[in-house]
Amino acid sequence: MATEPTSPDTLASEPPLILLAGATGALGLLIAHHLRRRGATVRALVRPGKSNTAEADSLRLQGCELVEVDYQDTAALTQACTGATCVVSALSGLRDVIVDTQTRLLEAAVAAGVPRFIPSDYSADFTRLPEGSNRNFDFRREFRRRLDKAPIQATSILNGMFMDLLKGQAPIILPGPRRVVYWGSADQPLDFTTMVDTADFTAAAALDPSTPRYLRVAGEVATIRDLQADASAISKQKYKLLRAGSLGVLAGMIKVTRFLVPAKDEVFPPWQGMQYLHNMLSGQAKLPEPLDNARYPDIRWTTVQELLAVK
Ligand SMILES: NC(=O)c1ccc[n+]([C@@H]2O[C@H](COP(=O)([O-])OP(=O)(O)OC[C@H]3O[C@@H](n4cnc5c(N)ncnc54)[C@H](OP(=O)(O)O)[C@@H]3O)[C@@H](O)[C@H]2O)c1
């Protein structure tokens, strides 16, 4: 299979039609923006009754065509996929979404003769992780088994952790006590990419007919020690490292938290976030070199320092 990007000059003169599922989500809206900026025609799927939301308005303002669709309705999904050159999924959810809904979307894409499919992966490298080490990654591998059997060209975008999480949700850089918290080794390289850069790369990949099965990118590969230096440099105050324990301790904390606060119906309960951290800090979900950052040379990757500098 060819893996070199196709020059925009060789693309058909008609703007390619991209079918975007999960377009109303945080990442989906950004992908829609970058697809439009790159000249694509975007057909955005919205759930029934969701055509009047702020997100739907934003998609319309960007020039996307909105299609209300019931994801249980395979015929309607197939109709929506008709004419697309690529289906991009930015759906988020548990097994019913990542496996079941994406499977219906995949079947519709195949039935409509769409040549390419980008699943909602956008994550660390889950391909080599042991089963059970991360619930949400298990769903992605389950869907991957179906995707790899389907007669369609699939491309997964793997980008590590959304760098934006370092400014809030991920309890790693703590501005209050000025600590960088970690388990295991402070020298383990970790992959980070902003949501905007992930969306821009995904849009470029959606418009590139010659993508391989996996594209791996990282805005920055940084260790815990690098994060300490970045946070200190940007705040002009010294951050210290706080080693909370070994990776075995973190694994134990995951078990206990999962027992005490199962929150099975939440996509990101606290123990799920801890599973992501364990996968990254153990190096098991590290993106292998070489990365594909240079594939679309117009993309300039945001660094951790640049992200932290934004108020
Ligand atoms: N690497 C990382 O650090 C990282 C971090 C966060 C997310 N991600 C990944 O990025 C991707 C997008 O996440 P996000 O944060 O953009 O999610 P989000 O903001 O929650 O958006 C989810 C999208 O999926 C749609 N959706 C949810 N349940 C659905 C269902 N049952 N049927 C049909 N549509 C449904 C939502 O539609 P409505 O608007 O109608 O609800 C919305 O468009 C996911 O794969 C997620 O795991 C990666």
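What you see is a predicted model, and the numbers here were worked out from it, not measured in a lab.

With respect to the nonpolar core
Note that soluble globular proteins tend to have their nonpolar side chains buried in a common cluster.
(1) Moving on: In terms of nonpolar packing, the biggest core is built from 36 residues, with Ile-31, Leu-35, Val-88 and Tyr-122 touching the most fellow members.
(2) Moving on: Among the secondary structure elements, those contributing two or more residues to this core are β1 (17-21), α1 (26-37), β2 (41-46), α2 (54-61), β4 (86-89) and α6 (195-206).
(3) Moving on: By residue number, the principal contributor to this core is α6, which donates seven residues.
(4) Moving on: Residues contacting Ile-31, with those up to four places away along its chain left out, are Leu-20, Val-88, Ala-90, Tyr-122, Ala-199, Thr-202 and Ala-203.
(5) Moving on: One finds Leu-166, Tyr-182, Ala-186 and Leu-307 within the second-largest nonpolar core, a separate group that totals 28 residues.

Considerations on the sheet that holds strand β6 (residues 153-154)
(1) Moving on: Taken together, six strands build an open sheet; the order of strands is β3-β2-β1-β4-β5-β6 and the sheet is parallel. Edge positions in the sheet fall to β3 (65-68) and β6, since each has one partner strand and no second.
(2) Moving on: Here β1 pairs with β2 via four bridges, running parallel. The residue of β2 that forms the bridge with Leu-20 is Ala-44.

Section: the sheet that holds strand β14 (residues 240-245)
(1) Moving on: Read from one edge of the open sheet, three strands run β9-β10-β14, paired in mixed fashion. Across the chains shown, the open sheet's two edge strands, defined by having one partner strand only, are β9 (173-174) and β14.
(2) Moving on: Relative to strand β10 (residues 179-183), β9 runs antiparallel, the two sharing two bridges. In the strand pairing of β10, Ile-173 is matched with Val-180.

Details of the packing of α1 against α6
A pair of packed helices is captured by two measures, namely the crossing angle of their axes and the spacing between those axes.
(1) Moving on: Direction vectors running N to C along α1 and α6 enclose 50°, while the axes themselves pass 8 Å from each other. Taken together, the axes of α1 and α6 lie oblique to each other. At the point where α1 passes α6, the crossing takes the right-handed sense. Between α1 and α6, the contacting residues are Ala-26, Leu-27, Leu-30, Ile-31, His-34, Leu-35 and Arg-37 on the first element and Met-195, Val-196, Thr-198, Ala-199, Asp-200, Thr-202, Ala-203 and Ala-206 on the second.
(2) Moving on: For the contact of α1 with α6, the class distribution of residues is ten nonpolar, three polar and two charged.

Observations regarding the packing of aromatic side chains
(1) Moving on: In total, this model carries six aromatic pairs according to the counting rule given.
(2) Moving on: Ring centres 6.0 Å apart and planes at 45° place the aromatic pair Phe-117 and Phe-143 in the tilted group. Of this pair, Phe-117 sits in strand β5 (residues 116-118) while Phe-143 sits in helix α5 (residues 135-147), and the two are 26 residues apart along the sequence. Here Phe-117 matches Phe-143 in class, with each residue buried.
(3) Moving on: Centroid distance Phe-126 to Phe-137: 5.8 Å. Interplanar angle 35°. Geometry classified as tilted.

As for the confidence of the model for the protein
(1) Moving on: Residues with a pLDDT of 70 or more make up 96% of the protein, whose mean pLDDT is 95.
(2) Moving on: Contacts from residues 8-12, a stretch scored under 50 in pLDDT, to residues over four places away or in other chains number two contacts.

Considering the side chain of Asn-134
(1) Moving on: Within the secondary structure layout, Asn-134 lies in the loop between β5 and α5.
(2) Moving on: Taking relative accessible area as the criterion, Asn-134 reaches 0% and is therefore assigned buried.
(3) Moving on: Within polar-contact distance, the side chain of Asn-134 engages the backbone nitrogen of Asn-136 at 3.1 Å.
(4) Moving on: Looking at Asn-134, its side chain comes within polar contact range of the main-chain nitrogen of Phe-137, at 3.1 Å.
(5) Moving on: In contact with Asn-134, other than residues within four places in its own chain, are Gln-272, Gln-275, Tyr-276 and Asn-279.

Quick look at the pattern of salt bridges
Opposite charge on two side chains allows them to pair when their charged atoms are near.
(1) Moving on: Within the structure shown, the criterion is met by 17 salt bridges.
(2) Moving on: The closest approach of N and O atoms between Arg-216 and Asp-125, which form a salt bridge, is 3.4 Å. With Arg-216 in strand β12 (residues 214-216) and Asp-125 in the loop between β5 and α5, this residue pair connects regions lying 91 residues apart in the sequence. Each member of the pair, Arg-216 as well as Asp-125, carries the same accessibility label: buried.
(3) Moving on: Residues joined by salt bridges that share partners form a network here, namely Arg-37, Arg-38, Asp-200 and Asp-298.

Reading the values: rules and limits
Residues numbered from 1 in each chain as written. Predicted model: local features only at pLDDT ≥ 70, side-chain atom pairs only at ≥ 80, totals over all residues. Heavy atoms only, no water. Core = buried A, V, L, I, M, F, W, Y, C linked by side-chain atoms within 4.5 Å. Buried < 20%, exposed > 50% of the residue type's maximum accessible area, 1.4 Å probe, protein only. Helix = DSSP H or I, 4+ residues; strand = E, 2+ residues; numbered from the N terminus. Contact = heavy atoms within 4.5 Å. Pairing = 2+ DSSP bridges. Axes fitted to C-alpha atoms, helices over the stretch in contact; angles between N-to-C directions. Parallel < 35°, antiparallel > 145°, perpendicular 65-115°, else oblique. Left-handed = near helix turned anticlockwise from the far one by under 90°. Nonpolar A, V, L, I, M, F, W, Y, C, P; charged D, E, K, R; others polar. Phe/Tyr/Trp six-rings, centres within 6.5 Å; stacked < 30°, edge-to-face > 60°. pLDDT = per-residue confidence, 0-100. Polar contact = N/O pair within 3.5 Å; in protein donor to acceptor, adjacent residues only side chain to side chain. Salt bridge = Lys/Arg side-chain N within 4 Å of Asp/Glu carboxyl O.

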